[in-house]
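Given next are the chains, with one letter for each unit.
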Amino acid sequence: MGVDDFVGWARKERQGLVQQGLWRGLHVQPRSPEWVNFSSNDYLGLSQNTTLLEALKESAARFPVGATSSRLLVGTTDAHAAAERALADFVGLSSSLLFASGYAANVGIIPAVATAGDGIFSDSLNHASLIDGCRLSRANTQIYRHREVDHLRSLLDRSRSSFRHCWIVTEAVFSMDGDEADLAAVAALANEYDAWLYVDEAHSLGVLGPSGSGLCSDAGVSPDLLIGTLGKAFGLAGAFVAGATPVIDLLVNRARSFVYSTGVLPALAGAIPTAVALVSDSEEARDRVRKHAQTIRSALPGAASGSRSAIVPVPLGDPDRAVSVSDRIRERGYLAQAIRPPTVPEGTSRLRCVPISSHKYEEVDIFVTTLLEELNA
Ligand SMILES: *Cc1c(COP(=O)(O)O)cnc(C)c1O
């Protein structure tokens, strides 16, 4: 097959997605946007924090910019060690390990701890990186209905005994729905059925729990593995896993996205302790984000979920309608991107509204009014 055929194939695929209202493109964000952004995960505004920027500059001056190899060869510096100490302490677990991204963490870690003969029980709305990690693991993966602890129990009841080891895998705050897992109930089931607990705290760290230490911490649950990402509330990039020291040491040997990948930039790692300290100290910002989210949630009938997270979905169903509402509010100065399949299930396209701490109270109020007008238009 020649180059032309291949490009022709890509064009045809594109056409199919366009017809379904599912085509997505990259849009370079203007440096001084004409809209207020309700689509980032920069909950505490740290991506623009001057203290963090200074820490990054200092770190870049002190450490090599690039890690130059896998961490297992010559890629480990004291910047990595200090960052991993700070992150483990932050979530109250013994050790932690940095990954290039949350995606890399989940696809590398799950196959390192679960394999053929094991069982994984996974929430139906788990993030793509968790789904892909389960697929790569070759464990028998069973999907329980979103947040339905009773369904999880019935699956465990039916099949726990046919597996050697079992994992329950869940997000703490679900990334596209903003609702919370009932971690106390899930942990109790893990205990009862002798399963291990894997919790992805991508959207809860920094926002929920004591000093922003997440929902496990808030619920008094100690997961066997906890995943956090550094590109959201921490304002940087990368991710980490935390757990007991022998487990983390094993992941150094077995997690393929760690072993076979160049280490996180030392210059970046050097700024992580500052990001952790800033997140811990951001009580006022956390409070503001949660108030903003509450304002949006309570104004939108379908969106109330009792969640404390900063993510407020506005269900619209049809992808074209989601895009058109998003376009219309952007014209009026507010950015809330449409989220469509395959990111969310068929028929559940939505706007995903995420307030951040630097939004002013009036801005959030006007955003809500604008949104309601366009929803009813
Ligand atoms: C964003 C996210 C990830 C991926 O993290 P990146 O660092 O952006 O790759 C993983 N899990 C969940 C639940 C997420 O929301």
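Heads up: the structure comes first, above all this text.
About the criteria used
- Residues numbered from 1 in each chain as written.
- Predicted model: local features only at pLDDT ≥ 70, side-chain atom pairs only at ≥ 80, totals over all residues.
- Heavy atoms only, no water.
- Buried < 20%, exposed > 50% of the residue type's maximum accessible area, 1.4 Å probe, protein only.
- Helix = DSSP H or I, 4+ residues; strand = E, 2+ residues; numbered from the N terminus.
- Pairing = 2+ DSSP bridges.
- Right-handed = clockwise from strand over helix to strand, strands pointing away.
- Expected span 1.5 Å × (residues − 1).
- Arc of directions from axis to C-beta.
- Contact = heavy atoms within 4.5 Å.
- Phe/Tyr/Trp six-rings, centres within 6.5 Å; stacked < 30°, edge-to-face > 60°.

Caption draft 1: Representation of the pairing of strand β6 (residues 196-200). With four of five residues buried, β6 is to be regarded as a mostly interior element. In terms of strand pairing, strand β5 (residues 166-171) meets β6 through five bridges, oriented parallel. Paired with Val-169 across the two strands is Tyr-198, which belongs to β6. The handedness of the β5 to β6 crossover, carried by helix α7 (residues 183-192), is right-handed. Bridging between β6 and strand β7 (residues 225-229) involves three bridges; their strand directions are parallel. Bridge pairing in β7 places Tyr-198 opposite Leu-225.

Caption draft 2: Looking closely at the pairing of strand β8 (residues 239-243). Of all five residues in β8, five are buried, a share of seventy percent or more. Residues Ala-239, Val-241 and Gly-243 of β8 are buried on one face, and the alternating residues Phe-240 and Ala-242, pointing to the opposite face, are buried as well. By the bridge criterion, five bridges tie strand β2 (residues 95-99) to β8 in an arrangement that is antiparallel. Bridge pairing links Ser-95 to Gly-243 in β8. Of the pairings in the sheet, the one linking β7 to β8 comprises four bridges and is antiparallel in character. Across the sheet, Ile-227 pairs through a bridge with Val-241, a residue of β8.

Caption draft 3: Representation of helix α13 (residues 283-299) in the model. Here α13 spans 25 Å end to end across 17 residues, near enough to the 24 Å set by a 1.5 Å rise per residue. Those residues of α13 that sit buried are Ala-285, Arg-286, Val-289, His-292, Ala-293, Ile-296 and Arg-297. Mapping the buried residues of α13 onto a view down its axis gives an arc of 135°, with all of them on the same face. Every exposed residue of α13 that faces more than 90 degrees away from the buried side is listed here: Glu-284 and Ser-298. Taken together, the buried residues of α13 touch α12 (272-280), β9 (312-317) and α15 (361-376).

Caption draft 4: Representation of the packing of aromatic side chains. All chains considered together, the criterion is met by nine aromatic pairs. Ring centres of Phe-38 and Tyr-334 lie 6.3 Å apart, and the angle between their planes is 50°; this geometry places the pair in the tilted category. With Phe-38 in the loop between β1 (36-37) and α2 (50-62) and Tyr-334 in strand β10 (residues 334-335), this pair connects stretches of sequence that are 296 residues apart. Look at Tyr-334 and you get buried, because its relative accessible area is 8%. The interplanar angle of 65° and the centroid separation of 5.5 Å between the aromatic rings of Trp-167 and Trp-196 together place this pair among those described as edge-to-face. With Trp-167 in strand β5 and Trp-196 in strand β6, this residue pair connects regions lying 29 residues apart in the sequence.

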